[in-house]
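Spelled out from the first residue to the last, the chains are:
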There are 2 protein chains.
Amino acid sequence: MANPLTMKLEQFTSFSPGDRETLDRLASEKLNTWAAKRDIIADGDHVGQIHLVTSGLATRNKIMPDGKRQIMAFLIPGDLCDVEVFVLARMDHAITALTETTCALIPAGTVTELLTNMGGLTKALWWSTMTDSAVLRERIIDHGQRDARERLAHLFYEMLIRYRVIGMAQDNSYSFPVTQEELGDATGLTSVHVNRMLQVLRTEGLMIFSGRTVTVLDPVSLKQAARFSPDYLHLQRSANERHEIAARAGDLL
Amino acid sequence: MANPLTMKLEQFTSFSPGDRETLDRLASEKLNTWAAKRDIIADGDHVGQIHLVTSGLATRNKIMPDGKRQIMAFLIPGDLCDVEVFVLARMDHAITALTETTCALIPAGTVTELLTNMGGLTKALWWSTMTDSAVLRERIIDHGQRDARERLAHLFYEMLIRYRVIGMAQDNSYSFPVTQEELGDATGLTSVHVNRMLQVLRTEGLMIFSGRTVTVLDPVSLKQAARFSPDYLHLQRSANERHEIAARAGDLL
DNA sequence: CGACGGCTTGAGGTAAGTCAATCCACGTGG
DNA sequence: CCACGTGGATTGACTTACCTCAAGCCGTCG
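None of the values given here were measured: they were computed from a predicted structure. (Residues numbered from 1 in each chain as written. Chains lettered and ligands numbered in written order. Predicted model: local features only at pLDDT ≥ 70, side-chain atom pairs only at ≥ 80, totals over all residues.)

Draft legend 1. Quick look at unusual backbone geometry. The phi torsion at Asp171(A) lies on the positive side, around 60°, for a residue other than glycine. Position of Asp171(A) among the secondary structure elements: in the loop between α5 (148–165) and β8 (173–175). Of note, the phi angle at His234(B) is positive, near 55°, even though the residue is not glycine. Along the polypeptide, His234(B) turns up in the loop between α8 (219–225) and α9 (242–246). Residue classification places His234(B) among the partly exposed residues on the basis of 19 C-beta atoms within 10 Å. (Helix = DSSP H or I, 4+ residues; strand = E, 2+ residues; numbered from the N terminus. Buried ≥ 20, exposed ≤ 12 C-beta atoms within 10 Å, placed from the backbone.)

Draft legend 2. Region of the structure containing helix α6 (residues 180–187) of chain B. Considered for burial, the residues of α6(B) that qualify are Leu183(B), Gly184(B), Asp185(B), Ala186(B) and Thr187(B). Looking at the buried residues of α6(B), the elements they touch are β5 (69–75) of chain A together with α5 (148–165) and α7 (191–203) of chain B. Two residues or fewer past α6(B), Gly188(B) is found with a positive phi of approximately 75°. (Contact = placed C-beta atoms within 7 Å.)

Draft legend 3. Focus on the protein's contact with DNA strand D. Residues in contact with DNA strand D amount to 15 residues; listed here are only the nearest, Asp147(A), Ala148(A), His193(A), Thr179(B) and Gln180(B). If you list the elements that add at least two residues to the surface near DNA strand D, you get α7 (191–203) of chain A together with α6 and α7 of chain B. If you tally residues by element for the surface near DNA strand D, the top one is α7(B), at six residues. By residue class, the composition of the surface near DNA strand D is five nonpolar, seven polar and three charged. (Near = placed C-beta within 6 Å. Nonpolar A, V, L, I, M, F, W, Y, C, P; charged D, E, K, R; others polar.)

Draft legend 4. Seen up close, the protein's contact with DNA strand C. Neighbouring DNA strand C are 15 residues, the closest being Thr179(A), Gln180(A), Asp147(B), Ala148(B) and His193(B). Sorting elements by how many residues they give to the surface near DNA strand C places α7(A) first, with six residues. Here the residues of the surface near DNA strand C are counted per class, giving five nonpolar, seven polar and three charged.

Draft legend 5. Structural context of the pairing of strand β6 (residues 94–97) of chain A. All names here are of chain A. Neither face of β6 is open: one carries Ala94 and Thr96, the other Ile95 and Ala97, and all of them are buried. Taken together, the two bridges between strand β2 (residues 39–41) and β6 define a ladder with antiparallel strand orientation. Within β6, the position partnered with aspartate 39 by the bridge is threonine 96. Pairing analysis gives four bridges linking strand β4 (residues 58–63) to β6, with the strands arranged antiparallel. (Pairing = 2+ DSSP bridges.)

Draft legend 6. Structural context of the nonpolar core. Leu52(A), Ala153(A), Leu52(B) and Ala153(B) are the most contacted members of the largest nonpolar core, which totals 148 residues. In this structure, Ala153(B) is in contact with Leu201(B), Leu206(B), Leu222(B), Ala225(B) and Ala226(B), ignoring residues within four places of it in sequence. (Core = buried A, V, L, I, M, F, W, Y, C linked by C-beta atoms within 7 Å.)

Draft legend 7. Spotlight on the relation of the copies chain B and chain A. Superposition of chain B onto chain A requires a rotation of 180° combined with a translation of 0.0 Å along the rotation axis, giving an RMSD of 0.1 Å. On this basis, the relationship between the two copies can be described by a two-fold rotation axis. Of all interface residues in chain B, 98% are interface residues in chain A too; the two copies therefore contact each other through one and the same surface. (Least-squares fit on C-alpha atoms with pLDDT ≥ 70 in both.)

Interpretation in functional terms is not warranted from these geometric data alone.
What follows is the structure in structure tokens.
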């Protein structure tokens, strides 16, 4: 009987018998089962192996500080839970079993082997992809959990950090040449409503968006208004290196 | 002067001098510039090289059939446009310059080299990651473009395909043991509203969700109600192989 | 100067949320 | 075998965040 991962992958590629055998073996070798409502991987976990769902149903989810839960994806047999292992230090969300769920654990050895053979460019590609996904997930949270004002605050705060990281922010302001229409298309709002919320943020003294430039007046309050939690950007390196990034984005995290 | 990609990546890792040199070279070797409002990569394009933004501002976006635009991400210097090259045949969205934007093109040679050295498992990981991202992007479109009924229809239709692909759907029905509360957490709706919309879908004769089981009564109409476009799942192989998948999900695409 | 793209403001409409009661299926213990 | 508790589904009445439509404004560019 074919395993669900191979079935999925065969939708787009043909495997050599060797590849298929490897995949089949990985998918059946080291199994583990979780009861319903149990976390397969908890938010913040550092995982050294990859989990492949082989039966059951799980969710990729995040519990917000206010207790609300955002489900970002349903995981069914054949789905991988935590490819982020490759490059990111820790999970920025949880994987939770909805029903009894069993996973195949792709052994740490295989993973570290792949990691060590990885060139600088490949690693760069993975990191870029993984953080992009994390940003996409945050955008889903946006819509589920944040209202219009919070969403805009979040976008502007995130962009400040991203421009800081590449050295293109001057202090707390940066050039961001978009129209309010485009802000609307990005946040799922109308330009009319974007306009009104920008006024609110301005009168609150949090930030100004004018002349294609964002000026953050009160970073702390803006962060609060955005209900911003920096972990999803994965900018934190090990503690003894932290001073290096402090110069760029550290105080925003 | 450090290039933005290296600056970004150094937030999480240290490079060997050799790696850094390679990255710096790739980021400056083959440059190309696009005027504002031009597509850097069009929806449906098949791309053989990777685009790295080095200056300017672009969006990752999708134009819907009704003409509305959903911006899924802003791309700033240091961001990669199309890592999907690795495994997916074609782009399922566009990259558009907002202002004049220049990109470094990572040459096709480098990319194919990486591709050929890729083992079956690595390829599987990439494909899984890339389609997961595509599903995440579709979820963003959900919130920007679809109302509650369409969103639920979309979720149920997508799950039907996914269960079909792994051989776990019987005809047009599948077991989906979630509560209406959980459907709400996934779609960004309240359980109350989920309930009402499920009733609508039922009375319209499109589908029934009862006893933890989804039964699609009218797949064609459900697909229409969901405004479902299958390209983001990347299940289409080359034309001469298409008959192979017809048995599983083909008629749904 | 007029045209145009983008911003601003106002008046009304609607999809979805909130709150709260009721109902139903079930499992469990007396 | 029935009483009860519990988690989930259902329904109704009311509220609200955001949308739509539409007009007016403002700066810029040909």
